[in-house]
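What the coordinates show
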Amino acid sequence: AIAPQQWLGFPILALAAYWTVRCSQVARCRGAAAQQLLLAQQPVYARLLSEAKAAHAAEQEAARVAYDDAEALRARLRAIETSEDADLASSVLEVELSNEDLPVAIAFDIHFDGLHRVLLAIDLPGYAAIPESNTLVTKTGKLSERPMAIRDRSALYRDVCAGIVLRLVHETYRVLPFVQKVTAQGLAERPIHAAGEAR
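Criteria and thresholds
- Residues numbered from 1 in each chain as written.
- Predicted model: local features only at pLDDT ≥ 70, side-chain atom pairs only at ≥ 80, totals over all residues.
- Heavy atoms only, no water.
- Helix = DSSP H or I, 4+ residues; strand = E, 2+ residues; numbered from the N terminus.
- Buried < 20%, exposed > 50% of the residue type's maximum accessible area, 1.4 Å probe, protein only.
- Contact = heavy atoms within 4.5 Å.
- Areas by Shrake-Rupley, 256 points an atom, 1.4 Å probe, with all protein chains shown as cover.
- Axes fitted to C-alpha atoms, helices over the stretch in contact; angles between N-to-C directions.
- Parallel < 35°, antiparallel > 145°, perpendicular 65-115°, else oblique.
- Left-handed = near helix turned anticlockwise from the far one by under 90°.
- Pairing = 2+ DSSP bridges.
- Phe/Tyr/Trp six-rings, centres within 6.5 Å; stacked < 30°, edge-to-face > 60°.
- Lys NZ or Arg CZ within 6 Å of the ring centre and 35° of its normal.

1. Some thoughts on the overall build of the chain
Helix and strand counts for the chain stand at five helices and five strands. Starting at the N terminus, the α and β elements of the chain follow one another as α-α-α-α-β-β-β-β-α-β. Split into buried and exposed, the 199 residues of the chain put 23% on the buried side. When contacts within the chain are restricted to residue pairs at least 6 apart in sequence, long-range pairs at least 24 apart make up 59% of them. When the accessible surface of the chain is split by element, carbon and sulfur atoms take 56% of a total near 13,700 Å².

Here you go:
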């Protein structure tokens, strides 16, 4: 909601500071000199007051426009099943999935077949995204790195890929509850182990 009419923000603080300084100058003056100083500063005070009011009005107008835009978007989202606006659904889903806190950065594409079926084309991370060593804290509180077994590294890679897919599918159903089917596609690397480890 739009904030009530109040004088807030930097312009008002600057005006108050300016007037405080001027008042202290007046206190040091005597008689006619004080009156002349006050008269000379009235136009400056009026200008600063006008600028502060204009800045506040602009902030209120910007807040009103942002609120109206948000309300219009919420109305479109509520009517999305009726309007069958797949473009809007795709935009909302893309924003939500992009904000997911995933263990590695990934890219994905969203394709709608109608409004109730979604295809997620996911660019899964490569095997190199999995570290080659484990970092442990010893009993003395020191950090220690130990090479990760090839089998453990491969298992962790599979878990990461599966976790990413399941997380994105789950979020699709959460964000768009009217979706009936989500298909996820992505290619994961298959590590080939020879002497040592190779890809």
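2. Examining the packing of helix H4 (residues 86-98) against helix H5 (residues 150-175)
The angle between the axes and the distance between the axes are what describe a pair of packed helices. Following both chains from N to C, one finds H4 and H5 inclined at 135°, their axes separated by 10 Å at the closest point. Put simply, H4 runs oblique to H5. Between H4 and H5 the crossing geometry is right-handed. Across from Val92, Leu93, Glu96 and Leu97 in H4, the residues of H5 making contact are Leu168, Glu171, Thr172, Arg174 and Val175.

3. Describing the sheet that holds strand E5 (residues 181-185)
Strand pairing in a sheet is mediated by backbone hydrogen bonds. Such pairs are either parallel or antiparallel. Across the sheet, which stays open at both edges, the three strands sit in the order E1-E2-E5 with mixed pairing between neighbours. The strands lining the two open edges of the sheet, one partner per strand, are strand E1 (107-113) and E5. Adjacent strand axes in the sheet meet at a mean angle of 20° when their direction is disregarded. Direction of pairing for E1 relative to strand E2 (residues 117-123): antiparallel, over a ladder of seven bridges.

4. Considering the packing of aromatic side chains
For the structure on display, the rule yields one aromatic pair. On the numbers, 5.5 Å between centres and 90° between planes, the contact of Tyr127 with Tyr157 is edge-to-face. In this pair, Tyr127 is assigned in the loop between E2 and strand E3 (133-137) and Tyr157 in helix H5, connecting sequence segments 30 residues apart. Look at Tyr127 and you get buried, because its relative accessible area is 1%. Its guanidinium or amino end placed over the ring of Tyr127, Arg153 lies 4.4 Å from that ring's centre, counting from NZ or CZ.

Any link to function would need more than the numbers given here.
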